[in-house]
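# What the coordinates show
This is what each chain is made of:
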Amino acid sequence: MVSIMDLNLIKVFLAIYETKSVTHAADQLCITQPSASYALKKLRYELNDVLFVRNNTEMQPTFRAIQYYDIFKKAIQSINLTIADNKAFEYATSSYKFVLAISDIGEFFFLPHIYKYLQSVAPHIRLEILQIDIHQLEDWLLTGKIDAAICNRHDKISHVRCELLLQDQYVCVLNKKHPRIHNKMTFEQFLQEQHIIIASQAGHHYVEKSLLQAGHNINVAIYLPRFITVNELISISESIATIPSKIKYMFDCSKTKILALPFKIPEIEVCMYYNLNNKNIPAKKWFCETIKEICLKTTSQSNK
């Protein structure tokens with residue numbers, strides 16, 4: 001078994017396991033690729049197992065490597081968290097870069113408040129915003145590609161922390177001069193009209209999914225990656241779109257109108273996902289706690 005003096009080897013093992021690549025593991029740990037390869041060679045000797053087998057372009061773990069992963073991961077987490085508790089992050093002077101993946105509703109509703117606060121208390125902090133891809137989100141968090149994410153709750157994301165930030169509901173937006181729909185929409189009209197749909201990777205798939213499960217199809221005219229162009233498309237067409245009510249203020253009220261959905265659907269739950277088990281724990285912990293506090297305060301004020 002690896003001795004307590006070989007913690008760096010364990011970190012290499014975890015990085016290869018999570019990135020499925022010796023090269024990517026080296027980049028994540030800020031070491032050279034030959035150093036990572038040497039560490040893997042030494043690990044194989046110490047543990048008497050090949051540990052990873054190359055499959056096309058990926059390093060696939062062996063059965064024993066899968067068993068070791070949980071043990072090593074918990075050990076490193078415990079060590080990192082113990083150190084983090086005794087080390088403060090100097091956010092006021094730090095130029096650390098944080099990466100936040102965020103959905104449209106988060107970008108419109110939360111990001112201005114987040115940015116304003118960071119500018120006031122941590123003016124040298126750099127913030128990179130990524131567009132949400134719900135299908136890759138958990139992997140991004142586990143491998144450290146992002147520090148946190150704000151998006152709709154997703155049942156398949158289960159190995160990272162999740163905090164509820166906001167509950168919202170879907171509404172319909174359509175052209176103010178729509179020739180067939182006036183101040184109220186029927187379910188039959190909803191099904192018959194052409195729809196603008198936000199692609200599933202953005203996390204806004206509940207309406208279409210719920211209708212399909214109930215045996216109903218909708219007439220999709222266009223799939224978009226984000227909500228940003230919906231206002232213009234609605235203004236020049238007879239299509240309708242389903243949007244979170246919190247972003248209805250993005251739309252030009254002189255050209256569009258908002259109506260209630262003509263059927264029931266569960267509320268949207270906007271959550272913050274994060275993972276404190278990677279490197280730079282003090283910085284990540286400060287960032288995640290700060291973001292959560294700002295978002296919850298923003299939600300509370302909007303509900304008054």
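Here the residue numbering is sequential within each chain, running from 1 through the sequence in written order. Since the coordinates come from a predicted model, pLDDT governs what is reported: local features require at least 70, and pairs of side-chain atoms require 80 or more to be given and counted, while whole-chain, interface and lining totals use all residues. Only hydrogens and water are set aside; all other atoms, that is, all heavy atoms of the structure, feed into the side-chain values.

The protein chain carries the name LysR family (LysR) in an unreviewed UniProt entry, which gives Commensalibacter communis as its organism. Regarding the protein chain, the relevant UniProt record gives this comment under Sequence similarities (unreviewed entry): "Belongs to the LysR transcriptional regulatory family." UniProt positions are given in the numbering used here, feature names are shortened, and annotations may be inferred rather than shown by experiment.

The next point concerns the packing of helix H1 (residues 7-19) against helix H3 (residues 33-47). Comment: axis = line fitted to C-alpha atoms, over the contacting stretch for helices; angle = value between 0 and 180 degrees taken between N-to-C directions. A run of H or I in DSSP becomes a helix once it reaches four residues, and a run of E becomes a strand once it reaches two; helices and strands are each numbered from the N terminus. Here H1 crosses H3 at 105°, and the two axes come no closer than 9 Å. Taken together, the axes of H1 and H3 are roughly perpendicular relative to one another. On H3, the residues that touch Leu9, Val12, Phe13 and Ile16 of H1 are Ala36, Ala39, Leu40, Lys42 and Leu43. Residue classes in the contact of H1 with H3 are distributed as 8 nonpolar, no polar and 1 charged. The cut-offs work like this: below 35 degrees is roughly parallel, past 145 is roughly antiparallel, 65 to 115 is roughly perpendicular, and the gaps in between are oblique. The criterion used for residue contact is that any of the two residues' heavy atoms lie within 4.5 Å. Amino acids outside the nonpolar list (Ala, Val, Leu, Ile, Met, Phe, Trp, Tyr, Cys, Pro) and the charged list (Asp, Glu, Lys, Arg) are all regarded as polar, and Gly is one of them.

Turning to the sheet that holds strand S12 (residues 268-274), a few remarks are in order. If DSSP finds at least two bridges between two strands, the strands pair. The strand order across the open sheet formed by 5 strands is S4-S3-S5-S12-S6, and the pairing between neighbours is mixed. Of all strands in the sheet, those with a lone pairing partner are strand S4 (126-131) and strand S6 (161-168), marking the two edges. Each strand axis lies, on average, 20° off the axis of its neighbour in the sheet, ignoring direction. Summarising the sheet, S6 and S12 pair through 7 bridges and their orientation is antiparallel. Bridging across to S12, Gln167 finds its partner in Glu269.

Okay, the packing of aromatic side chains next. Stacked, tilted and edge-to-face pairs are distinguished by plane angle, under 30 degrees for stacked and over 60 for edge-to-face with tilted covering the rest, among Phe, Tyr and Trp rings (Trp via its six-membered ring) whose centres lie within 6.5 Å. Across all of its chains, the model carries 16 aromatic pairs by this definition. Summarising the aromatic geometry, the rings of Phe98 and Trp286 are spaced 6.1 Å apart at their centres and angled 40° between planes, so their arrangement reads as tilted. Separated by 188 residues along the polypeptide, Phe98 in strand S3 (residues 97-102) and Trp286 in helix H11 (residues 281-302) bring together distant segments of the chain. Accessibility expressed as a relative area gives 0% for Phe98, which makes it buried. Between Phe190 and Phe263 the ring centres are 5.2 Å apart and the planes differ by 70°, which places this aromatic pair in the edge-to-face class. Within this pair, whereas Phe190 is found in helix H8 (residues 187-192), its partner Phe263 is found in the loop between strand S11 (256-260) and S12, the two being separated by 73 residues in sequence. We note that Phe190, like Phe263, is buried. Only protein chains enter the accessibility calculation, which uses a 1.4 Å probe; a residue whose area is less than 20% of its type maximum is buried, one above 50% is exposed, and one in between is partly exposed.

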